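These are the residues of each chain, in order.
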Amino acid sequence: MEKVVIIRYAEIHLKGKNRGFFEHAFAVNLEKSLKGIKHELRRTSGRYLVEKFDAELCEEVCARIANVFGVHSYSVGYLVESNINSIFETAMLVAPDTGTFKVDTHRGNKKYPKTSMEINAEIGERILDARPALKVDVHAPQSLVYIDIRESGMALVFGDFEEGLGGMPVGTAGKGLLLISGGIDSPVAGYMMAKRGLNVELLHFHSYPYTNDGAKEKVIDLSKILSRYSMTTRLHTVSVTHIQEEIHEKCAAELNITLLRRFMYRIAERMATRLKAKCIITGESLGQVASQTIEGITSSNSVMKELPVLRPLIGFDKEEIIIKSKKIGTYETSVLPYEDCCTVFLPEFPAIRPKLDFIDSEEKKLDIDALIEEAISTVEITTWNHI
């Protein structure tokens, strides 16, 4: 008898002839999540088993698996020989002492000498004999004893299903570049796109010395929290200080944020191309701030030459985003009181519905290409270990 963790995947089973590609990526991500823990990972009939690990580390193994996209559910159980005596002895470790229960058998090995119903009846009867305070309830039991008879001559015995994150394995949908600020929204946006299989690279804009090192450290901390799910290990930071100074000096004050965001998008597209990313990801939500009106979003989109901009939060209200950020563990860091670059030279009355012809006329006052190249030359890369 060996303690194991049983992992079942989510949407991968729908992938038909491409399933092998997704299963391989899923296994790679599971291995990454378990880095530093001695174990073996084995695939068996649409599920994976984590075996041969220190039983005292079981809680840590489960905690890491719980953060892997593509996991539908997981269970802590036991791998035993599939003879009825071994199954019963192991079922006694899973069965409760009191209350109601039910035995539920799946017979993957159709050549096994007993049917599922026969196994249910025999194991259930033995458990009742050993624990008379128990009662059987096949309709609404308080506890379940699951038995999975495998083709290998072994059986899995377990008692609970723990819900996974679902989604698709990170990396199966290509790569995207997330514009990550120090706020609540962008880490949630990155989480949601990683859940759909994107490998998420991170790009942060800063305005040192107008913003301080604390603001940068906050973003690094957010990036590390996000990496629990996205497996990202790299943050690119770019200074837009000179760009903001030029905009502030030469352009209409109400367009400060609008023009800055257009520069951010241009820089992001060039950075994404270098990184072989296929899209830009932002945490924008329609109407949340002045730059996130339809006109503001149109202004930002208009500078993109090749890549799409994905906005997974576009229809979310702030409370929904906050709930999600608390769930994934980024909220407490996001609300730390450090300012980001968008608060520098913030106009009293920013343009809510900027006109493209007015924007174009103001941008002609700037050497756009030179400012972009200067900003990109400031890029710094911060890396860390995934676990």
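Our structure's up above, just so we're on the same page.
Note that this is a predicted model, so its numbers are computed, not measured.

1. Side note on helix H5 (residues 185–195)
Because an α-helix completes one turn every 3.6 residues, residues spaced three or four positions apart along the sequence face the same direction.
Working step 1: Across the 11 residues of H5, 10 count as buried, placing the element largely inside the fold.
Working step 2: Among the residues of H5, those classed as buried are Asp 185, Ser 186, Pro 187, Val 188, Ala 189, Gly 190, Tyr 191, Met 192, Met 193 and Ala 194.
Working step 3: After H5 finishes, the residue Gly 197 shows a positive phi value of roughly 100°.

2. Here's the deal with the environment of Met 304
Working step 1: With respect to the helices and strands, the residue Met 304 is situated in the loop between helix H9 (294–301) and strand E14 (309–310).
Working step 2: By relative accessible area, which is 14% here, Met 304 ends up buried.
Working step 3: It is 58 Å that separates the C-alpha atoms of Met 304 and Val 80, two residues lying 224 residues apart in sequence.
Working step 4: Beyond its immediate stretch of four places on either side in the chain, Met 304 contacts Tyr 265, Glu 269, Ile 280 and Val 309.

3. Here we look at the packing of helix H8 (residues 256–274) against helix H13 (residues 368–376)
Working step 1: One way to put it is that H8 packs onto H13 with a least axis distance of 10 Å and a crossing angle of 55°. With respect to each other, H8 and H13 are oriented oblique. Between H8 and H13 the crossing geometry is right-handed. Contact residues: H8 offers Phe 263, Arg 266, Ile 267, Arg 270, Met 271 and Arg 274, while H13 offers Ile 368, Asp 369, Leu 371, Ile 372, Glu 373, Ala 375 and Ile 376.

4. Here's the deal with the environment of Gly 153
Working step 1: Along the chain, Gly 153 turns up in the loop between strand E7 (143–149) and strand E8 (154–158).
Working step 2: You can call Gly 153 partly exposed: its relative accessible area is 33%.
Working step 3: Those residues in contact with Gly 153, other than ones at most four positions away along the chain, are Glu 81 and Ser 82.

5. With respect to the side chain of Ser 73
Working step 1: One can find Ser 73 in strand E4 (residues 71–81).
Working step 2: Apart from the residues within four sequence positions on either side, Ser 73 is in contact with Ile 6, Ile 7, Arg 8, Phe 161, Glu 162, Glu 163 and Gly 164.

6. Here we look at the pairing of strand E3 (residues 47–51)
Working step 1: Within E3, 5 of the 5 residues are buried, leaving the element largely enclosed by the surrounding structure.
Working step 2: A two-sided burial pattern is seen for E3, the buried positions comprising Arg 47, Leu 49 and Glu 51 on one face and Tyr 48 and Val 50 on the other.
Working step 3: Strand direction decides the pairing type here: strand E2 (residues 40–44) and E3, joined by 5 bridges, are antiparallel. Across the sheet, the residue bridging to Arg 42 is Leu 49, located in E3.
Working step 4: If you look at the hairpin formed by E2 and E3, you'll find 2 residues sitting between the two strands, and Ser 45 has a positive phi there, around 50°.

7. Re the sheet that holds strand E12 (residues 234–239)
What links the strands of a sheet is backbone hydrogen bonding, and the strands pair in either a parallel or an antiparallel sense.
Working step 1: Spatially, E14-E13-E10-E11-E12-E15 is the arrangement adopted by the 6 strands of the open sheet, whose pairing is mixed. If you trace the sheet from one side to the other, it starts and ends with E14 and strand E15 (380–383), each paired once.

8. A short note on unusual backbone geometry
Peptide bonds are mostly trans, and most non-glycine residues show a negative phi.
Working step 1: The omega torsion of the bond from Tyr 208 to Pro 209 falls at 10°, within 30 degrees of zero and hence cis.
Working step 2: When you line up the elements, Pro 209 lands in the loop between strand E11 (199–206) and helix H6 (213–230).
Working step 3: Even without a glycine there, the phi angle at Lys 52 is positive, about 55°.
Working step 4: You can see Lys 52 is positioned in the loop between E3 and helix H2 (58–65).
Working step 5: Its relative accessible area of 48% is what places Lys 52 among the partly exposed residues.
Working step 6: Here Met 231, not a glycine, exhibits a phi torsion of approximately 65°, which is positive.

9. Focus on the packing of aromatic side chains
Working step 1: Here the structure, examined in full by the defined rule, presents 10 aromatic pairs.
Working step 2: Between Phe 69 and Tyr 229, the aromatic rings sit 6.3 Å apart at their centres with planes inclined by 35°, giving tilted as the arrangement. Here Phe 69 is found in the loop between H2 and E4, whereas its partner Tyr 229 is found in helix H6, with 160 residues between them in sequence.
Working step 3: Overall, the relative accessible area of 8% leaves Tyr 229 in the buried class.
Working step 4: On the numbers, 5.4 Å between centres and 80° between planes, the contact of Phe 158 with Phe 161 is edge-to-face.
Working step 5: Through a chain of ring-to-ring contacts, the aromatic side chains of Tyr 9, Phe 26 and Tyr 48 assemble into a single cluster.
Working step 6: Lying over the aromatic face of Phe 22, Lys 15 brings its terminal NZ or CZ to 5.2 Å of the ring centre.

10. Quick word on the pairing of E8
Working step 1: Counting buried residues along E8, 4 of its 5 residues qualify, which places the element largely inside the surrounding structure.
Working step 2: With 5 bridges connecting them, E4 and E8 associate as antiparallel partners. Residue Val 80 lies in a different strand from E8, and its bridge partner there is Ala 155.
Working step 3: Note that E7 and E8 share 4 bridges and pair antiparallel. If you follow Asp 148 over to E8, its bridge partner there is Leu 156.

Conventions we followed
Residues numbered from 1 in each chain as written. Predicted model: local features only at pLDDT ≥ 70, side-chain atom pairs only at ≥ 80, totals over all residues. Heavy atoms only, no water. Buried < 20%, exposed > 50% of the residue type's maximum accessible area, 1.4 Å probe, protein only. Helix = DSSP H or I, 4+ residues; strand = E, 2+ residues; numbered from the N terminus. Contact = heavy atoms within 4.5 Å. Axes fitted to C-alpha atoms, helices over the stretch in contact; angles between N-to-C directions. Parallel < 35°, antiparallel > 145°, perpendicular 65-115°, else oblique. Left-handed = near helix turned anticlockwise from the far one by under 90°. Pairing = 2+ DSSP bridges. Phe/Tyr/Trp six-rings, centres within 6.5 Å; stacked < 30°, edge-to-face > 60°. Lys NZ or Arg CZ within 6 Å of the ring centre and 35° of its normal.

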